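Results of the structural survey
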Amino acid sequence: MKMNPQHQSKLAGDLPQIADEALLYPEEKIGVSKIEVKQASMQLTAILGGFVEVDRLLLAWGAKTDEPIACAFEVTFLDGYKLEGVYEYCCKTAKRLSLSNFIRSCLLKPQLENAADRKQKFKRVVDRAGEIAGVSVLDHYEIERTG
């Protein structure tokens, strides 16, 4: 998130103030506070500060196996909004999407009417309330393209 010089002196723990100021500057997207990644079969969990770090970690985890890996993730933004889902990837595949590009592609896919179809056919990203997040998230939150 680009910050005006007056915002740079704000403490990271002052989240309500940051969220209030984000409303005053709608052209500035709300940045990531943390990303938690869990990989159940290897019993691994990490909490990182951005998508680039997550991609590096997933490459390291993927180097340990030839099998596809499923990682649960939870992205928390500075205003407290959360996105979560499951990212399945195979490190050996040349066309592996970065986590941020995976999230962006999920947000851009058309919504399906039947809830069972959503779970069976498509990977989805949901918000804290369990609702499928839509493309409007990209208007307000910084999900940079990485990888």
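What counts, and where the lines are drawn
Residues numbered from 1 in each chain as written. Predicted model: local features only at pLDDT ≥ 70, side-chain atom pairs only at ≥ 80, totals over all residues. Heavy atoms only, no water. Salt bridge = Lys/Arg side-chain N within 4 Å of Asp/Glu carboxyl O. Buried < 20%, exposed > 50% of the residue type's maximum accessible area, 1.4 Å probe, protein only. Pairing = 2+ DSSP bridges. Helix = DSSP H or I, 4+ residues; strand = E, 2+ residues; numbered from the N terminus. Core = buried A, V, L, I, M, F, W, Y, C linked by side-chain atoms within 4.5 Å. Contact = heavy atoms within 4.5 Å.

1. Some words on the pattern of salt bridges
According to the stated counting rule, one finds two salt bridges in the structure shown. Where Glu36 meets Lys38, a salt bridge forms, and the shortest distance between an N and an O atom there is 3.5 Å. On the basis of relative accessible area, Glu36 is assigned to the buried category, the value being 18%. One salt bridge connects Glu74 with Lys82, and the closest N-O pair in it is separated by 3.6 Å. By relative accessible area, which is 24% here, Lys82 ends up partly exposed.

2. Topic: the pairing of strand β2 (residues 44–48)
Of the pairings in the sheet, the one linking strand β1 (residues 32–39) to β2 comprises five bridges and is antiparallel in character. When the sheet's bridge partners are listed, Gln39 is paired in β2 with Leu44. Linking two consecutive strands that pair antiparallel, namely β1 and β2, is a turn of four residues; a positive phi of about 55° is found at Gln43 within it.

3. Regarding helix α3 (residues 99–108)
By the criterion of burial, α3 is predominantly enclosed, with eight of the 10 residues buried. Looking at α3, one finds that the buried residues are Leu99, Ser100, Asn101, Phe102, Ile103, Arg104, Cys106 and Leu107.

4. Side note on the pairing of strand β4 (residues 82–89)
Of the two faces of β4, the one lined by Leu83, Gly85, Tyr87 and Tyr89 is fully buried and the one lined by Lys82, Glu84, Val86 and Glu88 carries no buried residue. By the bridge criterion, eight bridges tie strand β3 (residues 69–77) to β4 in an arrangement that is antiparallel. Paired with Val75 across the two strands is Leu83, which belongs to β4. Following β3, the chain reverses through four residues before pairing antiparallel with β4; Gly80 in that reversal takes a positive phi of roughly 95°.

5. Regarding the nonpolar core
Core analysis: the largest hydrophobic core is formed by 30 residues, its most contacted members being Phe77, Leu83, Leu99, Ile103 and Ile143. Among the secondary structure elements, those contributing two or more residues to this core are β1, α2 (51–62), β3, β4, α3 and α5 (137–140). Setting aside anything within four residues of it in sequence, one finds Leu83 in contact with Phe73, Glu74, Val75, Phe77, Ile103, Val125, Val126, Asp127, Ala133, Val137 and Ile143.

Read these as layout, nothing more, since geometry by itself doesn't imply function.
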